[in-house]
Amino acid sequence: MKKLLLFVCVAMAILTACEEENPAPEILSNFKNGVFVVNEGTQNNASLSFFSKDSMVMTNTIFSSLTQKNLGQFFQSMTIIGSKAYLVVNGSQKIEVFNLKEKTNSATILGLSYPRYLLAVDDNRAYITNGNGFSQDYIYILNTNTDEISDSIAIGTGPETLLKDGVEVKGTTTSKDKLKELQALGITPYQIRLEKEK
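Summary of the structure given here. (Residues numbered from 1 in each chain as written. Predicted model: local features only at pLDDT ≥ 70, side-chain atom pairs only at ≥ 80, totals over all residues. Heavy atoms only, no water.)

With that settled, consider the pairing of strand β7 (residues 94-99). Counted residue by residue, β7 has 6 buried out of 6 residues, so it is predominantly covered. By the alternation rule, side chains of β7 split into Lys94, Glu96 and Phe98 and Ile95, Val97 and Asn99, which are all buried. One ladder, built from 6 bridges, connects strand β6 (residues 84-89) with β7; its direction is antiparallel. Residue leucine 87 lies in a different strand from β7, and its bridge partner there is glutamate 96. The antiparallel hairpin formed by β6 and β7 contains 4 residues in its connecting segment, where glutamine 93 sits at a positive phi of about 55 degrees. Bridging between β7 and strand β8 (residues 104-109) involves 5 bridges; their strand directions are antiparallel. In the sheet register, isoleucine 95 faces β8, and the bridge partner there is isoleucine 109. In sequence, β7 turns back onto β8 through a hairpin of 4 residues, with lysine 103 there showing a positive phi of about 60 degrees. (Buried < 20%, exposed > 50% of the residue type's maximum accessible area, 1.4 Å probe, protein only. Helix = DSSP H or I, 4+ residues; strand = E, 2+ residues; numbered from the N terminus. Pairing = 2+ DSSP bridges.)

Below you can see the structure in the form of structure tokens.
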């Protein structure tokens, strides 16, 4: 029993030693050879972490530590376009733009009700899915040079992820009457039907 307790204590010490709350400059100098971790959070405590494969260290709360700004509630997804990371925070109804080179919060995109995912479609544009399946279901078109929304289109209930497949962008909708509007955006529509296993 004493050996088991000693093993557990040593394992916990090793695991906690590999985690840092405040970013170490050498780890975050270029955000290369590592993985970002989206931490959804609960009430207003969402955060972004970075795991360095070189040092095998997980650094937590990097966005708020580097920008002195609270990320918000319910961090849904993250998309990197060039040197910018788009942090989609649906509970706070916004997208924070985190400049990975300068380590700054270069913009906050507002005017969203329930943002979900963001997809770069070309050098200047990205699509943002927005909606909870009950209201305000849109795909927003984002100008990635200015980080401003340039247009929107009402869409079927609960738009989620989009996928770029060669020159096509594929998306899902549960509303048949919105398929033509998806096609007008250049999105190939797909419907997904879930069935119970027999």
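Let's shift gears to unusual backbone geometry. Phi at glutamine 68 takes a positive value of approximately 60 degrees, unusual for a residue other than glycine. You can see glutamine 68 is positioned in the loop between α2 (62-67) and β5 (75-81). Phi at lysine 103 is positive, roughly 60 degrees, even though this residue is not glycine. Following the sequence through the fold, lysine 103 ends up in the loop between β7 and β8.

Two side chains with opposite charge may pair up if their charged atoms get near one another. Inspection of the entire model under this criterion finds 5 salt bridges. Note that aspartate 147 is salt-bridged to lysine 84, the shortest N-O span being 3.0 Å. Of this pair, aspartate 147 sits in the loop between β11 (138-143) and β12 (148-154) while lysine 84 sits in strand β6; the two residues are 63 residues apart in sequence, bridging distant segments of the chain. Here aspartate 147 falls in the buried class, since its relative accessible area comes to 11%. A relative accessible area of 16% means that lysine 84 is categorised as buried. Residue glutamate 160 is joined to arginine 116 by a salt bridge in which the shortest nitrogen-to-oxygen separation is 3.1 Å. Placement of the pair is glutamate 160 in the loop between β12 and β13 (162-165) and arginine 116 in strand β9 (residues 115-120), with a sequence separation of 44 residues. Put simply, Lys69, Lys94 and Glu96 are held in one network by salt bridges that share partners. (Salt bridge = Lys/Arg side-chain N within 4 Å of Asp/Glu carboxyl O.)

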